[in-house]
Amino acid sequence: MAQFEKLSPPSQGTAIRFVNGQPVIPNEPIIPFIRGDGTGVDIWPATQRVLDAAVTKAYQGVRRIEWFKVYAGDEACDLYGTYQYLPEDTLEAIRTYGVAIKGPLTTPIGGGIRSLNVALRQIFDLYSCVRPCRYYKGTPSPHKRPQDLDVIVYRENTEDIYMGVEWEADDPVGKTLREHLNTVVIPANGKLGKRQIPEGSGIGIKPVSKHGSQRHIRKAIQHALRLKGDKRHVTLVHKGNIMKFTEGAFRDWGYELATSEFRDVCITERESWILGNLENDPQLSIQANARMIEPGYDSLTPERKASIDAEVHGVLDAIGTSHGNGQWKAMVLVDDRIADSIFQQIQTRPQEYSILATLNLNGDYISDAAAAMVGGLGMAPGANIGENAAIFEATHGTAPKHAGLDRINPGSVILSGVMMLEFLGWQEAADLITKGLSAAIANQQVTYDLARLMDPPVDPVSCSGFSEAVISHF
Ligand SMILES: NC(=O)C1=CN([C@@H]2O[C@H](COP(=O)(O)OP(=O)(O)OC[C@H]3O[C@@H](n4cnc5c(N)ncnc54)[C@H](OP(=O)(O)O)[C@@H]3O)[C@@H](O)[C@H]2O)C=CC1
Ligand SMILES: O=C(O)CCC(=O)C(=O)O
Ligand SMILES: [Mg+2]
C-alpha cells in the first residue's frame, strides 16, 4: 500500500531522524510545511522565499531544504473532503520526516472542531513550546526600554486545561460527573467544606503531572545552561497559591528537579540568599541568616522559626562547599514567581528575567504579552519540541481580517524559520536572516503593524515586500 493517499514526497532529499531526542540532519532534509489558514496564504510564501534564499547564500547548493507541501485546516478540507481538517497523510509526513513548519490554523470558539494546533502538539508529544521574545533595534514599542526584554517563554504544551478534557453544561455525562463530585468526591475530601459545583456548570479538568512538568522544566534548565551570565536563569511561573496541587506542584517539581538531577549546576533563589549572606558576613549566625531570608521571621511561631533555621543549616551543610564562595554565581539560578505578578515584572524589571518556565495556559497568555513589548505578534516566533519531532510556528493565529491582502507581518514565521535552521544546526543561514531582518527594520522597511507605531509613522511595505527587504540585506 502507498505510504500517502494523496501526496507525493519530493523525489530528492532525506528524512531527518531523531536519535535519543537529537535530530540527525542530512544536507538535503525533506521538510513538510503547512501553509495555514487566513494570513497563512501571505505569510508562508514570504517565509519560504527568505529561508531558501538564506540557505542558498550560506551553503551555495551544498545544503538545501526539500520542501514537502502537506495539508491541514481549510486547505485540507478542499483536498480531502469536508471535516478532513487534519488528514492522516499530514500526520504520516510529520512522523516520517520529523521536523515541520506551519502557518496558523483556525480554531472556532465554543463547539465544533478542537484546535488543530493543539492536536498536532499532542499527537507528536511536542511537550515544550519555546517562544523567544527579544527586541530588534528600531522596532517601535509602547515601552521606553524594550531592549531590556530578552526572555524565552518555555510553555508546557501537552497538559493543563489544554488537554481538552471537558464537558458542556448540559452534557448528560457532565451532569452525572457534577453530581458525583458534589455527593461523593467533594464530601470525601474532608477539606472542601460545603463547596458544591453549581448546577449548569461546564466542567474542565486540569491535569498536571510530575513527569510532564519535569521533562519540560528539564528542557528549560538545559537551555539555560547554554546561555551566559545573568541569562542562566529559569523562573518557574505558576499560580500555586490558588491551585496548589497543579500549579503549586509544578513549582515544587521544578525545584525538586533543579536540586537533584541538576544539583551540580543549579542554585535556587533562597539558597543563593543564604550563601550570599554568609559571603557578605562570614561571622553570620544561622539564626541571623534565617532572619534575612524570611520576611517577618521574628513574628513566626517557634516551630516555624526552627524550620527556617534548619533550612539555612541544611543548605550550608549540603552545598556550602560545592556552591559557596561565589561559585553559585556561575550556575543556573532557579526561582519562581506567581503568574499574575510576572506579567508586571516583565514590564517593570524585564532585564531580571531570562527563561520563563510555565504551564500551558499561563504560557499562552505570557507569550502574547511579552511579544507586545517588543513589537507585537508579527515579531513572535515559536517552536514545539518533543523527543521525536519538532514543529515550528509563530505565536499568533490566522489574523483573518488581514488574509490575502499581502499586508501582514511575516516576521514571526520567518523568525520561526530561523529557530528551525538553528535546530538543524544551520547557524550560518539563520544568522543571515537575523541580519537581514534586523537591517530591514532598522531601515524602516516594515509592515503596517510596525509602520503605524513608528514616530513619525512611515509608509508600510507589503508582506512580500518585507521578505524581499530582508533578503536584500543578507
Ligand atoms: N498556533 C496557531 O495556529 C494559533 C491559531 N490561533 C487561531 O487563529 C484565529 C484568530 O485568532 P485571533 O484571536 O484573531 O488572534 P491572531 O493572533 O490571529 O490575531 C490577532 C491580532 O494580532 C495581530 N497579529 C497577529 N498576527 C500578526 C502578524 N503576523 N503581523 C501583524 N499583526 C499580527 C493583528 O492585530 P491588528 O489587526 O490590530 O493589527 C491581529 O488582528 C483563531 O481561530 C485562533 O484560534 C490563535 C493563536 C495561535
Ligand atoms: O490553537 C489555537 O487556536 C490557539 C492556540 C494558541 O493560542 C497558542 O498556541 O498560542
Ligand atoms: Mg496563544
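- Per an unreviewed UniProt entry, the chain carries the name Isocitrate dehydrogenase [NADP] and comes from Prochlorococcus marinus.
- Regarding the chain, the relevant UniProt record gives this comment under Subunit (unreviewed entry): "Homodimer."
- Checking UniProt for the chain, the heading Catalytic activity (unreviewed entry) contains the comment "D-threo-isocitrate + NADP(+) = 2-oxoglutarate + CO2 + NADPH".

## Here's the deal with the UniProt feature "modified residue: N6-acetyllysine" (unreviewed entry) in the chain
And then number 1: Following the UniProt record, one finds the feature "modified residue: N6-acetyllysine" (unreviewed entry) at Lys144.
And then number 2: With respect to the element layout, Lys144 can be found in the loop between β6 (128-134) and β7 (150-156).
And then number 3: Using a relative accessible area of 84% as the deciding quantity, one classes Lys144 as exposed.

## Remarks on the site of ligand 2
And then number 1: Taken together, Thr107, Ser115, Asn117, Arg121, Arg131, Arg155, Asp364 and Thr395 make up the full set of residues near ligand 2.
And then number 2: Interatomic distance of 2.5 Å between a side-chain N/O atom of Thr107 and an oxygen atom of ligand 2.
And then number 3: Asn117 places a polar side-chain atom, nitrogen or oxygen, 2.8 Å from an oxygen atom of ligand 2.
And then number 4: For ligand 2, whose free accessible area comes to 290 Å², the fraction covered by protein is 76%.
And then number 5: Looking at the shell around ligand 2 residue by residue, the class counts come to no nonpolar, 4 polar and 4 charged.

## What about the site of ligand 1?
And then number 1: Around ligand 1, 24 residues are found, and the nearest of them are Gly397, Ala399, Lys401, His402 and Tyr448.
And then number 2: In this structure, a nitrogen atom belonging to ligand 1 sits 3.0 Å away from a side-chain N or O atom of Glu393.
And then number 3: Elements that contribute at least two residues to the shell around ligand 1 include exactly α4 (116-123) and α15 (448-451).
And then number 4: Among the residues making up the shell around ligand 1, the classes are represented as 7 nonpolar, 11 polar and 6 charged.

## Details of helix α12 (residues 360-373)
And then number 1: Between its first and last C-alpha atoms α12 spans 21 Å; for 14 residues at 1.5 Å apiece the expected length is 20 Å, and the two agree.
And then number 2: Among the residues of α12, Asn360, Asn362, Gly363, Ile366, Ser367, Ala370, Ala371 and Met373 are the ones counted as buried. The buried side chains of α12 occupy one side of the element, clustering within an arc of 150 degrees when seen end-on.
And then number 3: Next to the buried residues of α12 lie β6, β7, β10 (233-238), α7 (247-258), α11 (339-348) and β13 (355-358).
And then number 4: The positive-phi residue at the C-terminal boundary of α12 is Gly375, with phi of around 120 degrees.

## Focus: the sheet that holds strand β15 (residues 390-392)
And then number 1: Judged by pairing direction, the sheet is mixed, and its 11 strands sit side by side in the order β4-β3-β5-β15-β14-β6-β7-β13-β10-β12-β11 without closing on themselves. Among the strands making up the open sheet, the edge pair consists of β4 (66-70) and β11 (266-268). Along the sheet, successive strands turn relative to each other by an average axial angle of 25 degrees, direction set aside.
And then number 2: Here β10 pairs with strand β12 (residues 332-338) via 6 bridges, running parallel. The partner of His233 across the bridge, within β12, is Leu333.
And then number 3: Its contacts with the sheet put α7 on β10, β11, β12 and β13, and the angle it makes with β10 is roughly 155 degrees.

## A closer look at the domain arrangement of the chain
And then number 1: Annotation of the chain at the domain level lists domain 1 (1-130 + 378-474) and domain 2 (166-204).
And then number 2: For domain 1 versus domain 2, the distance between C-alpha centres works out to 42 Å.

## Things to note about the environment of Glu166
And then number 1: By the secondary structure assignment, Glu166 is in strand β8 (residues 166-167).
And then number 2: Considered as a pair, Glu166 and Gln214 are 48 residues apart in the sequence and their alpha carbons are 25 Å apart.
And then number 3: Among the polar contacts made by the side chain of Glu166, one reaches the side chain of Arg114 at a distance of 3.4 Å.

## Re the pattern of salt bridges
And then number 1: For the structure on display, the rule yields 28 salt bridges.
And then number 2: When the shortest N-O distance is used, the salt bridge between Arg35 and Glu75 registers 3.5 Å. With Arg35 in the loop between β3 (30-34) and α1 (40-59) and Glu75 in helix α2 (residues 74-80), this residue pair connects regions lying 40 residues apart in the sequence.
And then number 3: A salt bridge links Glu393 to Arg121; the nearest nitrogen and oxygen atoms lie 2.7 Å apart. Taken together, the residues Glu393 in the loop between β15 and α13 (411-424) and Arg121 in helix α4 connect sequence positions 272 residues apart.
And then number 4: The class of Arg121 is buried, set by a relative accessible area of 7%.
And then number 5: Salt bridges here are not isolated pairs; linked through shared partners, they connect Glu28, Arg64 and Glu66.

What counts, and at which threshold
Residues numbered from 1 in each chain as written. Chains lettered and ligands numbered in written order. Predicted model: local features only at pLDDT ≥ 70, side-chain atom pairs only at ≥ 80, totals over all residues. Heavy atoms only, no water. UniProt positions renumbered as here; feature names shortened; annotations may be inferred. Helix = DSSP H or I, 4+ residues; strand = E, 2+ residues; numbered from the N terminus. Buried < 20%, exposed > 50% of the residue type's maximum accessible area, 1.4 Å probe, protein only. Near = heavy atom within 4 Å. Polar contact = N/O pair within 3.5 Å; in protein donor to acceptor, adjacent residues only side chain to side chain. Areas by Shrake-Rupley, 256 points an atom, 1.4 Å probe, with all protein chains shown as cover. Nonpolar A, V, L, I, M, F, W, Y, C, P; charged D, E, K, R; others polar. Expected span 1.5 Å × (residues − 1). Arc of directions from axis to C-beta. Contact = heavy atoms within 4.5 Å. Pairing = 2+ DSSP bridges. Axes fitted to C-alpha atoms, helices over the stretch in contact; angles between N-to-C directions. Domains from an automatic or database assignment. Salt bridge = Lys/Arg side-chain N within 4 Å of Asp/Glu carboxyl O.

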